[in-house]
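Breakdown of the fold
Chain by chain, the residues run as shown.
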Amino acid sequence: MIDAYLLIDFGSTYTKLTLVDVVNEAIIATAKAITTVETNIMDGFNKAYENLCAKFDTKEVRIIKKLACSSAAGGLKMITIGLVPELTVEASKRAALGAGARVLKTYSFELTNAEIQEILNAKVDIILLSGGTDGGNSKTILHNARKIAEHIKHIPIIVAGNKCCYDEIKEIFDEASVNYVFTENVMPRLNVLNVVPVREKIREIFMKNIIKSKGMDEANNYIDGILMPTPAAVLKAGEILSQGTSKQNGIGDLIIVDIGGATTDVHSLADGHPTKAGINLKGLQEPFAKRTVEGDLGMRYSALALYEASGEKLIKEYIDVPDIETRCAYLHDHIDYVPQDDTDVAFDEALAKVATRLALNRHAGYLEIAYTPLGDIFNQYGKDLLETKYLIGTGGVIVHSKHPEAILKEGLYSPSEPTILKPKDPIIKIDYEYILSAMGLLAFDLPDCALNIMKRYIVEI
Amino acid sequence: MNSNGKTVVIGVIGADVHAVGNKIIEHVLTSEGFNVVNVGVMSSQEDFINAAIETNADAILVSSLYGHAELDCQGFREKCNEAGLTNILLYIGGNIVVGKQDFAEVEERFKKMGFNRVYAPGVRIEEGIKDLKKDLGLV
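It should be emphasised that the depicted structure is a prediction, and the values quoted were computed from it without experimental measurement. (Residues numbered from 1 in each chain as written. Chains lettered and ligands numbered in written order. Predicted model: local features only at pLDDT ≥ 70, side-chain atom pairs only at ≥ 80, totals over all residues.)

Another point: the overall build of chain B. For chain B, the count of helices and strands is six helices and five strands. Helices and strands in chain B line up, N terminus first, as β-α-β-α-β-α-α-β-α-β-α. Computed over its C-alpha atoms, the radius of gyration of chain B comes to 14 Å, within 12% of the 14 Å expected for a compact globule of 139 residues. For chain B, the spread of C-alpha atoms along the principal axes amounts to about 40 × 30 × 25 Å. Expressed as a percentage of the 139 residues in chain B, the buried residues total 46%. Contacts in chain B between residues far apart in sequence, at least 24 positions, make up 76% of those at least 6 positions apart. (Helix = DSSP H or I, 4+ residues; strand = E, 2+ residues; numbered from the N terminus. Rg over C-alpha atoms; globule rule 2.2 N^0.38 Å. Buried ≥ 20, exposed ≤ 12 C-beta atoms within 10 Å, placed from the backbone. Contact = placed C-beta atoms within 7 Å.)

And the structure:
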C-alpha cells in the first residue's frame, strides 16, 4: 500500500489533480477536467477524479490527505487603498499580488463617494486599507476608515497602515460593525516593504470566508482544506525551490513564467540587488518573492488585449500571417480553442513569445542613466535579474509546445533594450507535469518532499 | 537622546551624488531626537514630497552640493502646496550656486522660491538645527 497526497487545483478553466507518493517522493498520476463552479464544483472534481483513477491501481494507493488551492469563480478579487501612489498604494498592491489576489484596482489619497460606489459595484472579496508610515500621516487612513464604516459593512477589511491610528480605527469600525482585522503596516518606514503579515491575513480570510462565497462549501467538506489561491501556491513552490527547507538547500534565484489564457504571471525569487558596482538603488523596496500579473497578456481571453498592448508589428516579428487581428479576436471569443493545424500552433507560440517578452519587461527592474557633472550615474528601479540562475516555464502553451525554450528565450536580456535588467544566461527548465501549484500545497505539510519532487520533475530542456 | 516628536525629510536633490554630508546630517539630526526620513542622493522633488506626505513630516531639508540647486528646486514650494503640505518648512543648504555670487542675493532668490531658510557654503548642520528647533517651537 502506498501513502499518497491528493493535491487539487480548482482553476478557472480546469480542475487539475496531482496524486503524489509521499514515501518515494514521486508523482503517481495527474488528471484534469473542466471546472464546474456554476453547477456544483464537485461535478468537475469527480470527473477529474475518474480520469485520475484510470491511471493507477486504486487498490495499491491510500490517499491520506487532500489539499486544494483555487482560482475558480474569478479568483480572489481585491482592491487596495493607500496614500501616495508610488509608496503605500504600490506597497499594498504588491502585498495583495504576493498573496495570489487579483487586484482589480488601487486607490490613493482620500476616497470619494464615487470611488466607494465603484468599490461596492466591483464585488470584491477583500479590501486592503493602508496609508502612512508608522507615526506618519494619519488623516487619510482615518478619513478612509470613516468612509468605509459608513458604506461598506459586508466586505472583510484588512488594515495594514499607520499603527498609531489603530485605536481610533477600531472605535470607528466597531461602532459601525465593520468586518475587519488589523495587521502590521505594509510600509512601516519610508520605502521599507513589509508584505508577509498582510499575505498571511489574506490567506486566513481566504480560507475562512471566501470558500463559502464561491460555492465551494461542498468541496471544502470533502477535502482537508482549500489553503490558498492558486497563484499563492505557485509562489510558495517557487520559494521552496529557490530557498530550500530547514534540511536542504534550494536551487537559488529563479524566475517562473506562467502563461495562461487570461493572464501572464511572472514570479521572481531573488533579491534583485544591483549586480554591478556604482549603481544607486531607488524607489520602494522589492519583495524577495515578487509576483506580477499582466491582465492584458494571455493566450485566449486576453488575446485581443495582447494584440492591442503589443501592436501588430511586434507579433509580426514572430509570425507572418495576414490575419493577425482576426485570429486574436477569434481566440478571445473561443477560450477553449485547441490549435488545429501548424499555423494555429505557430500562432499560439508567437503570442506566447510576445507575452513572455512584455511580461518580463514589466517585471524586471530597469536602469535610468543620469548625466551629471560627475559623469554618467545609474539609478536602478526594481529588481536586477541579470544574473538569475534559472528561468522556469509553466502553463499550457509552454508545457505543450515543441519549442518551449524558444518561447522562454524571449524573456532574456536583450542588447537592443540594454537598460531592462532581464536574465542574461539562465538555465531554462520546464514544468512538464504541471506540478508547481500542487507542490506549493504539498510544501505546507511536507516541504522536503515537495522540494525533492520539484528537483526531479522540473527539468532542463 | 529621546525623540522630540518631529519628523524631517532629508536628501540630496537633482543629479547630485554627494553622499557623505547626507549621512552626517542624518546622524546629527537623529542624535538631536528628530525622526529622520532620508530619501538619499539623486532625489527628485517628488521623492521629497511623497516621503513627507506618508510620514507626516514637519520639515524638508534639501541638500545640494553641485551648484545646480536653483534649477532643481524650481516649483518645489508650489508642488508642496499642491500636495497639501501647505505649511511645511523648507530649508536648503550646501553649495547651492556656482561662481562667486553675493550670498545675500542668493538667499533672497531662494526665499522668493519659497524656502524658509537658506544656508551658505560651510555652515554647520548644528546651526541649521538651532533654527529648526526654533521654527518648530521646540525651544
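Read on, since the account is not over.
Listed as interface residues are 19 residues of chain A and, on the opposing side, 13 residues of chain B. Elements that contribute at least two residues to the side of chain A that touches chain B include exactly helix 2 (85-98), strand 15 (366-372) and strand 16 (375-381) of chain A. Ranked by residues supplied to the side of chain A that touches chain B, first place goes to helix 2 of chain A with three residues. A per-class count over the side of chain A that touches chain B returns eight nonpolar, ten polar and one charged. (Nonpolar A, V, L, I, M, F, W, Y, C, P; charged D, E, K, R; others polar.)

All names here are of chain A. Spatially, 6-5-7-8-9 is the arrangement adopted by the five strands of the open sheet, whose pairing is parallel. A single partner strand is all that each edge strand has here, and the edge strands are strand 6 (102-107) and strand 9 (180-182). For this sheet, the mean angle separating the axes of adjacent strands, direction not counted, is 20 degrees. Relative to strand 6, strand 5 (residues 77-81) runs parallel, the two sharing five bridges. Residue pairing in the sheet places Met 78 in a bridge with Val 103 of strand 6. (Pairing = 2+ DSSP bridges. Axes fitted to C-alpha atoms, helices over the stretch in contact; angles between N-to-C directions.)

It is worth spelling out the pairing of strand 15 of chain A at this point. Residue and element names in this part refer to chain A. One ladder, built from seven bridges, connects strand 15 with strand 16; its direction is antiparallel. Note that in strand 16 the partner of Tyr 366 across the bridge is Tyr 381. Hairpin remark: strand 15 followed by strand 16, antiparallel, with two residues in the connecting loop.

Here we take up unusual backbone geometry. Residue and element names in this part refer to chain A. At Asn 191, a position not held by glycine, the phi torsion is positive, near 65 degrees. Examined against the element boundaries, Asn 191 turns out to sit in the loop between strand 9 and helix 6 (196-213). The phi dihedral of Tyr 434 is positive, around 60 degrees, even though this residue is not glycine. Examined against the element boundaries, Tyr 434 turns out to sit in the loop between strand 18 (427-430) and helix 15 (436-445).

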